[in-house]
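This is what each chain is made of:
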Amino acid sequence: MRFASVTHDEQPLAVKIDDDRAIPLRGITELGRDTPASLLREPPLDADAAVRLSEVRWRPVIPRPGKVICIGLNYLAHIAETHREESEYPVLFTKFASSLTGAYDDIPRPPESGAVDYEGELLVVIGERGRRVRREQALQCVAGYAVANDITMRDYQYKTHQWLQGKAWDAATPIGPWLVSADEVGDVSKLTLRTKLNDQVVQEASMELMIFDIATLVATISEFTALEPGDLILTGTPSGVGFRRNPQLLLGDGDVVVVEVEGVGRLENRIVDER
Ligand code: MG
């Protein structure tokens, strides 16, 4: 099943997607804390209120997550291009709910940064509370998957050893367009991710190449903090980021970035200079 957070006639709605229709979940305005996996398995559909999918505007699939945890350096080829060492523990950092934006929204290129870059990623949406979850049980906490673009201001990322200021710009991280339930996605390692910049493929990788798989990430993170319904994990980007290319391929006004994960979804965002 597929679910999304949308607006229709300015009204926020959590919806189930059924072909070309969006069917509202009764009494629920967005996906997140109030839509655990148990609810999504038997969603309270208001079929009489269904609207055309072509008439909705896509919000971030989870507009107000309690936590947004991101993984750095989760693919060997990306570690190699950044000239870093492989670690036995995943590199973790965070974003804020205010960092998120919709699957087709314009992304503001801030006047302060001269190095805006793309990072296509698979997004994990948590569906069940988990604290100190064993790796063997970890996938039970996952509601499903979506697509993310961890847009990064590289010059700000590398100002210090902490990446926060390069990773958490307002409205610069598109997530969506919808959440695909874990049972529909099946084996994540079979998925392929592709990022395109103005129709040119710049990243392409199988999820099989992740160093820390989804179960390991959920187990590792839940050791120190409880994961709750609607919490998000950005699972890291494969090789091919623009900053590490020769010559560099940084994002400019009017560029269009597409991130697609087969069987999950597709983002398409235009970069627009912020004034
Ligand atoms: Mg990333």
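Residues numbered from 1 in each chain as written. Predicted model: local features only at pLDDT ≥ 70, side-chain atom pairs only at ≥ 80, totals over all residues. Heavy atoms only, no water.

1. Observations regarding the overall build of the protein
Phase 1 of the analysis: For the protein, the count of helices and strands is six helices and 19 strands.
Phase 2 of the analysis: Over its C-alpha atoms the protein spans a radius of gyration of 18 Å, differing by no more than 12% from the 19 Å that the globule rule assigns to 275 residues.
Phase 3 of the analysis: For the protein, the C-alpha atoms occupy an extent of roughly 55 × 45 × 30 Å along the three principal directions.
Phase 4 of the analysis: For the protein, the residues scored as buried account for 57% of the 275 residues in total.
Phase 5 of the analysis: Accessible area for the protein stands at about 12,400 Å²; split by element, carbon and sulfur atoms hold 46% of it.
Phase 6 of the analysis: Each charge class in the protein was averaged separately, 30 positive and 43 negative side chains, and the resulting centres sit 3 Å apart. (Helix = DSSP H or I, 4+ residues; strand = E, 2+ residues; numbered from the N terminus. Rg over C-alpha atoms; globule rule 2.2 N^0.38 Å. Buried < 20%, exposed > 50% of the residue type's maximum accessible area, 1.4 Å probe, protein only. Areas by Shrake-Rupley, 256 points an atom, 1.4 Å probe, with all protein chains shown as cover. Lys, Arg positive; Asp, Glu negative; His and termini not counted. Charge placed at Lys NZ, Arg CZ, Asp CG, Glu CD.)

2. Brief notes about unusual backbone geometry
Phase 1 of the analysis: In this structure, P177 follows G176 across a cis peptide bond, with omega equal to -10°.
Phase 2 of the analysis: Position of P177 relative to the elements: it lies in strand β14 (residues 173–181).
Phase 3 of the analysis: Of the consecutive residues N246 and P247, the connecting peptide bond is found in the cis state with omega at 0°.
Phase 4 of the analysis: Along the polypeptide, P247 turns up in the loop between β17 (232–234) and β18 (256–261).
Phase 5 of the analysis: Unlike most non-glycine residues, D19 shows phi in positive territory, near 55°.
Phase 6 of the analysis: Among the structural elements, D19 can be located in the loop between β2 (11–18) and β3 (21–24).

3. Side note on the domain arrangement of the protein
Phase 1 of the analysis: The assigned domain composition of the protein is domain 1 (2–58) and domain 2 (68–273).
Phase 2 of the analysis: For domain 1 and domain 2, the distance between their C-alpha centres works out to 24 Å.
Phase 3 of the analysis: Taken together, the contact pairs 13 residues of domain 1 with 16 residues of domain 2.
Phase 4 of the analysis: Summed over both sides, the interface of domain 1 with domain 2 buries roughly 1,100 Å², with 57% coming from carbon and sulfur.
Phase 5 of the analysis: Where domain 1 packs against domain 2, one counts two salt bridges.
Phase 6 of the analysis: Between E184 and R2 there is a salt bridge whose closest N-O contact spans 3.2 Å.
Phase 7 of the analysis: In this assembly, domain 1 and domain 2 are joined by four residue pairs in polar contact (both at pLDDT 80 or more).
Phase 8 of the analysis: Looking at the side of domain 1 that touches domain 2, its residues break down into eight nonpolar, one polar and four charged. (Domains from an automatic or database assignment. Contact = heavy atoms within 4.5 Å. Buried area = accessible area lost by both parts, 1.4 Å probe. Salt bridge = Lys/Arg side-chain N within 4 Å of Asp/Glu carboxyl O. Polar contact = N/O pair within 3.5 Å; in protein donor to acceptor, adjacent residues only side chain to side chain. Nonpolar A, V, L, I, M, F, W, Y, C, P; charged D, E, K, R; others polar.)

4. Some details on the pattern of salt bridges
Phase 1 of the analysis: Considering all chains together, one arrives at 24 salt bridges under this definition.
Phase 2 of the analysis: Here K16 and D18 are joined by a salt bridge, their closest N and O atoms 4.0 Å apart.
Phase 3 of the analysis: On the basis of relative accessible area, K16 is assigned to the buried category, the value being 12%.
Phase 4 of the analysis: The structure contains a network of salt bridges with shared partners spanning R194, K196, E204, E260, E262, R266 and E268.

5. Considering helix α6 (residues 214–224)
At 3.6 residues per turn, the α-helix brings residues three or four places apart onto the same side.
Phase 1 of the analysis: Within α6, eight of the eleven residues are buried, which leaves the element mostly enclosed by the surrounding structure.
Phase 2 of the analysis: Of the surrounding secondary structure, the elements contacted by the buried residues of α6 are β6 (68–72), β7 (91–95), β11 (120–126), β12 (142–149) and β17.

6. Let's talk about the sheet that holds strand β16 (residues 200–206)
Phase 1 of the analysis: If you trace the five strands from one edge of the open sheet to the other, you get β9-β19-β18-β15-β16, paired in mixed fashion. The open sheet has two free edges, formed respectively by β9 (107–109) and β16, since each of these has just one partner strand. For this sheet, the mean inter-axis angle between neighbouring strands, taken without regard to orientation, is 20°.
Phase 2 of the analysis: Relative to strand β19 (residues 265–273), β18 runs antiparallel, the two sharing six bridges. (Pairing = 2+ DSSP bridges. Axes fitted to C-alpha atoms, helices over the stretch in contact; angles between N-to-C directions.)

7. Here's the deal with the state of the cysteines
Phase 1 of the analysis: The final tally for this structure, using the stated rule, is zero disulfides.
Phase 2 of the analysis: Here C70 stays free of any disulfide, with the sulfur of C141 as its closest cysteine sulfur at 19 Å.
Phase 3 of the analysis: A relative accessible area of 0% means that C70 is categorised as buried. (Disulfide = S-S within 2.5 Å.)

8. Quick notes on the coordination of the magnesium ion
In an ideal octahedron of six donors the angles at the metal are 90 or 180 degrees, and in an ideal tetrahedron of four donors they are 109.5 degrees.
Phase 1 of the analysis: Distances from the magnesium ion to its protein donors, namely E119 (OE), E121 (OE) and D150 (OD), fall within the range 2.0 to 2.1 Å.
Phase 2 of the analysis: Taking the relative accessible area as the measure of exposure, E121 reaches 0% and is therefore buried. (Donors = N, O, S within 2.8 Å, 3.2 Å for Na, K, Ca; no water.)

9. Describing the nonpolar core
Phase 1 of the analysis: Core analysis: the largest hydrophobic core is formed by 43 residues, its most contacted members being L122, Y145, I214, V218, I233 and V264.
Phase 2 of the analysis: Counting residues per element, the ones that place at least two in this core are β1 (2–8), β2, β6, β11, β12, β14, α6 and β18.
Phase 3 of the analysis: Tallying contributions element by element places α6 first for this core, with five residues.
Phase 4 of the analysis: Both domain 1 (2–58) and domain 2 (68–273) contribute no fewer than three residues apiece to this core.
Phase 5 of the analysis: Excluding anything up to four places from it in sequence, V218 contacts I126, A138, C141, V142, L227 and I233.
Phase 6 of the analysis: Judged by nonpolar contacts, the second largest core, of 23 residues, contains C70, A146, L232 and L234. (Core = buried A, V, L, I, M, F, W, Y, C linked by side-chain atoms within 4.5 Å.)

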